[in-house]
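Working through the structure, step by step
In case you want the letters, here they are:
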2 protein chains.
Amino acid sequence: MTGPVPVEILADPPRAASGKILGREPRSLRWTAYARKSMDSTRGQVATVAKGMEGDGTPVPQRLLAAATRLFAEQGYDRTSVQEIVEAAGVTKGALYHYFGSKEDLLQEVYARVLRLQQERLDAYANADAPIERRLRDAAADVVVTTIDNLDDAAIFFRSMHHLSPEKNKQVRLERRRYHERFRALIEEGQRTGVFSTATPADLVVDYHFGSVHHLSTWYRPGGPLSRQEVADHLADLLLRALRP
Amino acid sequence: MTGPVPVEILADPPRAASGKILGREPRSLRWTAYARKSMDSTRGQVATVAKGMEGDGTPVPQRLLAAATRLFAEQGYDRTSVQEIVEAAGVTKGALYHYFGSKEDLLQEVYARVLRLQQERLDAYANADAPIERRLRDAAADVVVTTIDNLDDAAIFFRSMHHLSPEKNKQVRLERRRYHERFRALIEEGQRTGVFSTATPADLVVDYHFGSVHHLSTWYRPGGPLSRQEVADHLADLLLRALRP
DNA sequence: CCCGGCAGACTAACCAGTCGGTATGTGGTC
DNA sequence: GACCACATACCGACTGGTTAGTCTGCCGGG
């Protein structure tokens, strides 16, 4: 198992404080900064930029994120070692810790990404110009489709959220809450205008629907008898039917 | 942190093969055997039996299982060390590995227990002598109540199932499937007799309902505005309303 | 006197994160 | 247009700490 350990670097007098600008905590911000600068990558590339991209042309941070997402979903957060992630991404630990402050930061970024996406889409559907039934139905079906498109993220989301440190967990919960409340507002709007039944509190209806959405990753398999759109339509129908007065 | 480490046992000549009856694999069966012999414990106890019971009078295997359940739910399977479990149960590793073959066996037993319980209750409600609407409603509400009564088990179930080895995972899935199918049969019966809508495949309806049930541990907090019975009634109502023709 | 029930020191493996180091690029300066 | 200063991007051996599971041995009852 433990191969030969060549001892080569032993003497090293010129140590002490050299450059070393960002010694401790600003590390976890590096990826965020990077992401802001080159957000939608791969699109507006200027050819000369070949740095940090291997074969596929995807920048290292994205590759790391993709590898981590897949591995976290397959084996769980705790069972995935940093070593596995960097190997899957074709780099080394040095690269990972260059862009991310910790393994946990990687997990948080996975959450942040999927939350941003879903919030955007929900807002678009919810603020559309259409009758409330239509808006709710479209939003409910859309979240199913995008969840199926990112089943890995969904699996990670509901299985590994509790692995986040208290502060990060709180932050994710907060964003999650915003999403929940926007959805609930749709139902309450329909209840006020008499389109939906008021028999069940809107909060509970939201949890009912999203419970099933989160569990898609448990039972839905691409290539099964139902397409994602069919599943989405059915689940949206169930929700709407449950809300009929 | 690391206290003094007294080195006392150093000399130890008389080693070699002693008793050692069940050296390798039959280990994981010990608990099962134990459980069968003293199943409903604490009830028909003959007073003289004080072995292995501390203060509270609960036998060691049960105490271990209870401690493991709580800790797995609180921190997750991987983040709970067997050291923590045995300390919470007031014993040592020797005791744990005397009754259980591995940490994983502990997890599996948690599953097996909750599955047995829920299957029993479902069968009772499903085979009752009542109209199908009533039977489905009662079964749907009951699973909510018992899930709330064992929120820890539910949390472990949907967060840690993938930590089981493939074989054990398959076994749990199989039992889970039986449960699912009994529930689905109820819905199909109602669909055949025209009491329920056939717009949505029964399979999907089951997943819809159980998705929300599994996620109770995410949002339900005892002491909240709704009692477990109220939540159960609402969720059962939602299901029945979604099934109206 | 033997055996189930249990104690607790010990081991072998693993793993997140660190740190000194190299390679490549970029901007300023004479 | 060669030279220097400095920064970014990344490499990979190493450290300190943790952990599941083992093993020897003690103890009390039948």
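Heads up: these notes are all about the structure in this document.

A closer look at the overall build of chain A
When its secondary structure is counted, chain A shows eleven helices and zero strands. Listed N to C, the secondary structure of chain A is α-α-α-α-α-α-α-α-α-α-α in terms of helices and strands. Taking all 245 residues of chain A together, 46% fall into the buried category. Residue pairs in contact within chain A that sit at least 24 positions apart in sequence constitute 70% of those at least 6 positions apart. Accessible surface, chain A as shown: approximately 13,500 Å² in total, 54% of it carbon and sulfur.

A closer look at the interface of chain A and chain B
With 32 residues of chain A in contact, the opposing surface of chain B contributes 32 residues. Taken together, the two surfaces of chain A and chain B that pack against each other cover about 3,300 Å², and 59% of this comes from carbon and sulfur. The largest contributions to the chain A side of the interface with chain B come from Leu 204, Tyr 208 and Leu 238 of chain A, which together make up 22% of the buried area. The tally of links from chain A across to chain B stands at two salt bridges. One salt bridge in this structure joins Arg 79 of chain A and Asp 78 of chain B, with 3.3 Å as the shortest N-O distance. Linking chain A with chain B are 13 residue pairs in polar contact (both at pLDDT 80 or more), by the criterion used here.

Parameters at a glance
- Residues numbered from 1 in each chain as written.
- Chains lettered and ligands numbered in written order.
- Predicted model: local features only at pLDDT ≥ 70, side-chain atom pairs only at ≥ 80, totals over all residues.
- Heavy atoms only, no water.
- Helix = DSSP H or I, 4+ residues; strand = E, 2+ residues; numbered from the N terminus.
- Buried < 20%, exposed > 50% of the residue type's maximum accessible area, 1.4 Å probe, protein only.
- Contact = heavy atoms within 4.5 Å.
- Areas by Shrake-Rupley, 256 points an atom, 1.4 Å probe, with all protein chains shown as cover.
- Buried area = accessible area lost by both parts, 1.4 Å probe.
- Salt bridge = Lys/Arg side-chain N within 4 Å of Asp/Glu carboxyl O.
- Polar contact = N/O pair within 3.5 Å; in protein donor to acceptor, adjacent residues only side chain to side chain.

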